[in-house]
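Here's the letter readout for the chains.
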Amino acid sequence: MGIRIDENACHGCLKLPEARCVTACPGDLIGIRSDNRKAFMRVQADCWDCYACVKMCPVSAVEVVLPHSIAAGDAHLFPKMKRESVRWTLTTPDGRTETFDAPTRVPEEQLEE
Ligand code: SF4
Ligand code: SF4
């Protein structure tokens with residue numbers, strides 16, 4: 001399925017020595033553009049859908065790319081990091097939303113309000 005990075009939402013993790021999504025990816029598949037400090041996907045085909053990068057982004061700039069068979073077009077799945085859980089919000093093509101909560105493993109000091 002892979003991921004999609006919203007460059008408008010990405011702030012490049014400017015306060016950190018290395019971007020969270022870059023640090024999180026076990027395959028070193030995410031880079032940071034030198035000209036605007038925005039994250040980009042290097043090799044989409046090598047992504048194995050662990051979603052560590054999706055869950056680590058503090059501004060929900062990394063989206064899960066849903067397959068057409070599930071999303072049937074324009075559906076979106078975003079996580080929102082909370083203190084003790086990740087709240088996944090699925091928006092269906094007709095605008096309905098569903099939420100799912102899963103426990104988080106992100107250290108509390110790394111979360112932003
Ligand atoms: S989903 Fe996993 S493998 Fe794919 S880019 Fe994100 S961290 Fe890397
Ligand atoms: S973790 Fe999010 S905000 Fe930080 S560089 Fe990656 S996509 Fe951008």
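Look above for the structure.
Okay, so let's go over this structure.

Cut-offs applied
- Every chain's residues receive numbers from 1 upward, in the order its sequence appears when written.
- Key to labels: chains lettered from A, ligands numbered from 1, both in the order written.
- Per-residue local features of the predicted model are confined to residues with pLDDT of at least 70, and side-chain atom pairs are confined, for both listing and counting, to 80 or more; whole-chain, interface and lining totals are unaffected and use all residues.
- The side-chain quantities take in all heavy atoms of the structure and omit both hydrogens and water.
- Nearness of a residue to a molecule or strand requires only that one of the residue's heavy atoms be within 4 Å of it.
- Put simply, Ala, Val, Leu, Ile, Met, Phe, Trp, Tyr, Cys and Pro go in the nonpolar bin, Asp, Glu, Lys and Arg in the charged bin, and everything else, Gly too, in the polar bin.
- Helix numbers and strand numbers start at the N terminus; a helix is a DSSP run of H or I with at least 4 residues, a strand a run of E with at least 2.
- Polar contacts, as counted here, are pairs of nitrogen or oxygen atoms within 3.5 Å of one another; within protein the pair requires one atom able to donate a hydrogen and one able to accept it, and residues that are adjacent in sequence qualify only if both atoms are side-chain atoms.
- By nonpolar core is meant a set of buried Ala, Val, Leu, Ile, Met, Phe, Trp, Tyr and Cys residues that side-chain atoms within 4.5 Å join together.
- Burial status follows relative accessibility: with a 1.4 Å probe on protein chains alone, a residue under 20% of its type maximum counts as buried, one over 50% as exposed, and anything between as partly exposed.
- By the convention used here, residues are in contact when the closest approach between their heavy atoms is within 4.5 Å.
- His is not counted here, nor are the chain ends, while Lys and Arg score as positive and Asp and Glu score as negative.
- Whenever Lys or Arg places a side-chain nitrogen within 4 Å of a carboxyl oxygen from Asp or Glu, that contact is recorded as a salt bridge.

Here we come to the site of ligand 1. The environment of ligand 1 is formed by I3, C25, P26, L29, M41, C47, W48, C50, Y51 and C53. Class assignment for the residues of the shell around ligand 1 results in 10 nonpolar, no polar and no charged.

With that settled, the discussion passes to the side chain of E63. Relative to the elements of secondary structure, E63 occurs in strand β4 (residues 62-64). Within the structure, the side chain of E63 is placed 2.5 Å from the side chain of H76, a separation counted as a polar contact.

I3, C21, I30, C53, V54, V62 and V64 are the most contacted members of the largest nonpolar core, which has 27 residues in total. Where this core is concerned, the elements lending two or more residues are β1 (3-5), α1 (20-24), β3 (39-41), α2 (52-56), β4, β5 (76-81) and β6 (85-91). The element contributing the most residues to this core is β6, with three residues. Dropping the residues within four chain positions of it, V64 is found in contact with G2, Y51, V54, L77 and W88.

Mapped onto the secondary structure, K38 falls in the loop between β2 (30-32) and β3. Here K38 sits buried without a salt bridge, and the closest side chain of opposite charge, E7, lies 6.6 Å off (N-O distance). Separated by 2.6 Å, the side chain of K38 and the backbone oxygen of C10 make a polar contact. Leaving out residues up to four positions away in the same chain, K38 has contacts with E7, N8, C10, G31, I32 and R33.

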